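What the coordinates show
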Amino acid sequence: MLVTKHTLAASSAHATPYYLIRGTKPGPVIMITSGVHGNETASMAAAQKLANDCMAGRRHVVRGLLIIIPRVNQKAHRNKSRGKPDLNRTFPRHISGKAKHPLASAVFRLARQYGPAWWLDLHEANGLSQRSSQVLGQTLITNPGSKAVPVCKRIIGRMNRSIPIRDRHFNLKQHELPGSARTAAARLLQARSVTVETCWSLNRSDRIKYQTEIVNYFLREAGLL
Ligand SMILES: [Zn+2]
């Protein structure tokens, strides 16, 4: 395994670290972003811990390439805010379209360079989807008809069997969100792209645990472990 640390959007106000974690055997590329919204801290902590664990040799990727950008929107994170404009509405909407923000543009340029088969975008949201279908907390979200749907269903099944509190169970949503990283990755890169949303009124250690478990299931399903 070879792990290297780099800087995205270097020498700009948006500069942020990213990690390339290469297995020794050939395999798929999976991209993990978190902190597209700067105040969703449990998802950032889970992604940063995975990157740190790989750097320190505590975690191993066997096949393929794992790309992690743990804190996409550093500026919003420093302000403890979601970020203005909402970065998750500025990703390219069409094959010939351009990102509407230099940071989204830098993230997407990196993605185009490596052509991920999978893209996980880690977020946090209000509410518990098990109580109300109107909220996004505790969901996996794909674009409608995504090839990722069967895998998402399997992972939700495994997660829910391990979560005794029913209200905290995960549900799948299929939704097109133009300008989001998820929809851009699906439309422009034909990636299996999934947004992971934990409920941020739960305690932080549980949210980090859920994010970490879901990411691990995807790494296994994608064949990296
Ligand atoms: Zn978010």
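The sections below set out a description of the structure shown in this document.

Conventions we followed
Starting from 1, residues in each chain are numbered consecutively following that chain's sequence as written. Side-chain atom pairs in this predicted model are given and counted only at pLDDT of 80 or more, local residue features only at pLDDT of at least 70, and totals for whole chains, interfaces and linings cover all residues. To get the side-chain values, all heavy atoms of the structure are used, and hydrogens and water are removed first. Secondary structure elements are defined from DSSP: runs of H or I of at least 4 residues count as helices, runs of E of at least 2 residues count as strands, and each element is numbered from the N terminus. Each radius of gyration reported is based on C-alpha atoms, and the globular scaling rule is 2.2 Å times the count of residues to the power 0.38. Think of it in three bands: with a 1.4 Å probe and only protein chains considered, a residue is buried below 20% of the maximum accessible area for its type, exposed above 50%, and partly exposed in between. Whether two residues touch is decided by their heavy atoms; if any such pair falls within 4.5 Å, the residues are in contact. In these tables, accessible area is a Shrake-Rupley quantity obtained with a 1.4 Å probe, and a residue counts as shielded only by the protein chains included in the view. Under this rule, positive means Lys or Arg and negative means Asp or Glu; His and the chain ends count for nothing. The location of each charge is read from NZ of Lys, CZ of Arg, CG of Asp or CD of Glu. By the convention used here, strands pair only if DSSP detects at least 2 bridges between them. With axes taken as lines fitted to C-alpha atoms, and helix axes fitted only over the stretch in contact, angles between N-to-C directions fall between 0 and 180 degrees. Note: metal donors comprise N, O and S atoms at 2.8 Å or less from the metal (3.2 Å for Na, K and Ca); water molecules are not included, so apparent gaps in a site are possible. Angle rules define the geometry names used: all angles between 85 and 135 degrees makes four donors tetrahedral, while opposite donors over 155 degrees apart and all other angles between 65 and 115 make four donors square planar and six octahedral, leaving every other case irregular.

1. A look at the overall build of the protein
Looking only at helices and strands, the protein has six helices and eight strands in total. In the protein, the succession of α and β elements from N to C terminus is β-β-β-α-β-α-α-β-β-α-β-α-β-α. On C-alpha atoms alone, the protein measures out to a radius of gyration of 16 Å, which is about the 17 Å that the 2.2 N^0.38 rule sets for 225 residues. If you line up the protein on its principal axes, its C-alpha atoms span 45 × 40 × 35 Å. Counting all 225 residues of the protein, 53% fall into the buried class. In the protein, 74% of the contacts between residues at least 6 apart in sequence involve partners at least 24 apart. Total accessible area computed for the protein in this model is approximately 9,900 Å², and 51% of it derives from carbon and sulfur atoms. Separation of charge centres in the protein, based on 35 positive and 11 negative side chains, amounts to 6 Å.

2. Regarding the sheet that holds strand β4 (residues 63-69)
Taken together, eight strands build an open sheet; the order of strands is β1-β2-β4-β3-β5-β8-β6-β7 and the sheet is mixed. Whereas interior strands pair on both sides, the edge strands pair on one side only; in this sheet they are β1 (2-8) and β7 (171-174). Between one strand axis and the next, the sheet turns by 20° as a mean value, whatever way the strands run. Note that β1 and strand β2 (residues 16-22) share seven bridges and pair antiparallel. Its bridge partner lying in β2, Thr4 is registered against Leu20. Relative to the sheet, helix α5 (residues 181-189) contacts β5 (118-125), β6 (139-142) and β8 (192-199), its axis offset from that of β8 by approximately 170°.

3. Regarding the coordination of the zinc ion
Donor atoms from the polypeptide that coordinate the zinc ion comprise His37 (ND1), Glu40 (OE), Glu40 (OE) and His123 (ND1), at 2.0 to 2.3 Å from the metal. Around the zinc ion, the four donor atoms are arranged such that angles at the metal cover 58 to 145°; this shape is classified as irregular. Motif for the zinc ion, donor spacing along one chain: H-x2-E-x82-H. With Glu40 in the loop between β3 (25-34) and α1 (41-55) and His123 in strand β5, this residue pair connects regions lying 83 residues apart in the sequence. Each of the two residues, Glu40 as well as His123, counts as buried.

4. Overview of unusual backbone geometry
At the junction of Lys84 and Pro85, the peptide bond is cis and its omega measures out at -5° in the coordinates. Assignment of secondary structure puts Pro85 in the loop between α2 (74-78) and α3 (102-114). Phi is positive for Lys80, which is not a glycine, with a value near 55°. Tracing the sequence through the fold places Lys80 in the loop between α2 and α3. With a phi close to 55°, Gln190 is a non-glycine residue in the positive phi region. Along the polypeptide, Gln190 turns up in the loop between α5 and β8.

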